[in-house]
Amino acid sequence: MTAAAQRRNAHKDRMNALWTLAQRIVSTGRCPQCEAGLHRNLALSGWWQCDRFGAEGFRKDTSGKPCSFQTFTQ
């Protein structure tokens, strides 16, 4: 196997691990950083954000401190 093929395979393995982790987090329905809920951002397929993500006027949950968690699933 060439070095380029090894790098591609390593990259695919890392991405699959990240997607698996993201899917596990989303399946809980809770943000891993602040325990608030998660919601889908429909602007991009598979984009999930903490309910406390964003500016105060745009957050789904304004009851706590802002949170920056967001992730993508496949």
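The structure displayed is predicted, hence computed values, not measured ones. (Residues numbered from 1 in each chain as written. Predicted model: local features only at pLDDT ≥ 70, side-chain atom pairs only at ≥ 80, totals over all residues. Heavy atoms only, no water.)

A word on the overall build of the protein chain. A count of helical and extended segments in the protein chain gives one helix and three strands. Starting at the N terminus, the α and β elements of the protein chain follow one another as α-β-β-β. For the protein chain, the C-alpha radius of gyration of 16 Å lies well beyond 11 Å, the compact-globule estimate for 74 residues. Expressed as lengths along the three principal axes of its C-alpha atoms, the size of the protein chain is roughly 55 × 20 × 20 Å. In the protein chain, buried positions account for 31% of the 74 residues. Sequence-distant contacts in the protein chain: of pairs separated by 6 or more residues, those separated by 24 or more amount to 32%. Surface accessibility of the protein chain: about 5300 Å² in total, with carbon and sulfur atoms responsible for 55%. Taking the 11 positively charged and 5 negatively charged side chains of the protein chain as two groups, their mean positions are separated by 10 Å. (Helix = DSSP H or I, 4+ residues; strand = E, 2+ residues; numbered from the N terminus. Rg over C-alpha atoms; globule rule 2.2 N^0.38 Å. Buried < 20%, exposed > 50% of the residue type's maximum accessible area, 1.4 Å probe, protein only. Contact = heavy atoms within 4.5 Å. Areas by Shrake-Rupley, 256 points an atom, 1.4 Å probe, with all protein chains shown as cover. Lys, Arg positive; Asp, Glu negative; His and termini not counted. Charge placed at Lys NZ, Arg CZ, Asp CG, Glu CD.)

One broad rule of soluble globular proteins: the nonpolar side chains tend to lie buried together. Ranked by size, the top nonpolar core spans nine residues in total: Ile25, Val26, Cys31, Ala36, Leu38, Trp48, Cys50, Cys67 and Phe69. Residue assignment for this core shows that the elements contributing at least two residues are α1 (3-28) and β2 (47-50). Setting aside residues no more than four positions away along its own chain, Cys50 makes contact with Cys31, Cys34, Ala36, Gly37, Leu38, His39, Cys67 and Phe69. (Core = buried A, V, L, I, M, F, W, Y, C linked by side-chain atoms within 4.5 Å.)

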